[in-house]
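# Summary of the model geometry
So you can see what is in the structure, the chains are spelled out below.
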Amino acid sequence: MQQSRLECSYDLVNCWGLLAPLLGESPPAQRARLAEIRDALIARIAEAETEGWLGEVVGLRVSLAGAEEKLRRLDQSPGQHTAVDLGVPITRGDR
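Given the structure is predicted, the values throughout are model-derived calculations rather than measurements.

### What to know about the nonpolar core
Counting residues in hydrophobic clusters, the biggest one holds 11 residues: L34, I37, L41, I45, A48, V57, L60, L64, A67, L71 and L74. Of all the elements in the fold, those that place two or more residues in this core are α2 (31-51) and α3 (54-76).

This is the structure in structure tokens:
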């Protein structure tokens, strides 16, 4: 049996779902990949509903909610990080 692109994407989603909380926020550069994963999840949900895989539908919807939440946070976060000049540290001997 040949593995389809959706199955590969779903496996990546499972890894993403396990690792994302450990890694913190997604960098904005990965937004396109996250959107691709979201789209694959939507397709997998449709397939699972057609096939009657109800347990699969529930799990996929949980993953979809997580992907959509991450996308929402990425879209709300400022796209640029600016450096802040903190000056030169002064030690007690320098005063």
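### Quick notes on α3
Along an α-helix, a turn takes 3.6 residues, which lines up residues three or four apart on a common side. For α3, which comprises 23 residues, the first-to-last C-alpha distance of 33 Å matches the rise-based estimate of 33 Å (1.5 Å per residue) to within 8%. Among all positions of α3, only V57, L60, L64, A67, K70, L71 and L74 are buried.

### Side note on α2
Compared with the 30 Å implied by 1.5 Å per residue over 21 residues, the 30 Å span of α2 between its first and last C-alpha is a close match. For α2, the complete set of buried residues consists of L34, A35, I37, A40, L41, R44, I45 and A48. Immediately downstream of α2, the backbone of G52 shows phi near 80 degrees, a positive value.

### Description of the confidence of the model for the chain
With 61% of its residues at a pLDDT of 70 or more, the chain shows a mean pLDDT of 75. Within the chain, helix α1 (residues 5-23) has the poorest average pLDDT of any element, 50, and α2 the best, 94. Throughout residues 1-10 the model reports pLDDT below 50, and contacts reaching past four residues in sequence, or to other chains, amount to 14 contacts.

### A word on the pattern of salt bridges
Under the defined criterion, the tally for this structure stands at 8 salt bridges. In this structure, R73 engages E69 in a salt bridge whose closest nitrogen and oxygen atoms are separated by 3.8 Å. In this pair, R73 and E69 are both assigned in helix α3, 4 residues apart and thus about one turn of the helix distant. What makes R73 partly exposed here is its relative accessible area of 30%. In the salt-bridge network here, residues are joined through shared partners; they are R44, E47 and E56.

### Quick word on the side chain of R44
Within the element layout of this structure, R44 appears in helix α2. R44 gets classed as buried once you look at its relative accessible area, which sits at 10%. Of note is the side chain of R44, whose polar atom sits 3.3 Å from the side chain of E56.

### Overview of the packing of α2 against α3
Taken N-terminus to C-terminus, the directions of α2 and α3 make an angle of 155 degrees; their axes are 9 Å apart at the nearest point. Between α2 and α3, the angle is such that the two are roughly antiparallel. For the crossing formed where α2 meets α3, the hand is left-handed. On α3, the residues that touch R31, L34, A35, R38, L41, I42, R44, I45, A48 and E49 of α2 are E56, V57, L60, R61, S63, L64, A67, E68, K70, L71, L74 and D75. For the contact of α2 with α3, the per-class residue count stands at 12 nonpolar, 1 polar and 9 charged.

Cut-off values and rules
- Residues numbered from 1 in each chain as written.
- Predicted model: local features only at pLDDT ≥ 70, side-chain atom pairs only at ≥ 80, totals over all residues.
- Heavy atoms only, no water.
- Core = buried A, V, L, I, M, F, W, Y, C linked by side-chain atoms within 4.5 Å.
- Buried < 20%, exposed > 50% of the residue type's maximum accessible area, 1.4 Å probe, protein only.
- Helix = DSSP H or I, 4+ residues; strand = E, 2+ residues; numbered from the N terminus.
- Expected span 1.5 Å × (residues − 1).
- pLDDT = per-residue confidence, 0-100.
- Contact = heavy atoms within 4.5 Å.
- Salt bridge = Lys/Arg side-chain N within 4 Å of Asp/Glu carboxyl O.
- Polar contact = N/O pair within 3.5 Å; in protein donor to acceptor, adjacent residues only side chain to side chain.
- Axes fitted to C-alpha atoms, helices over the stretch in contact; angles between N-to-C directions.
- Parallel < 35°, antiparallel > 145°, perpendicular 65-115°, else oblique.
- Left-handed = near helix turned anticlockwise from the far one by under 90°.
- Nonpolar A, V, L, I, M, F, W, Y, C, P; charged D, E, K, R; others polar.

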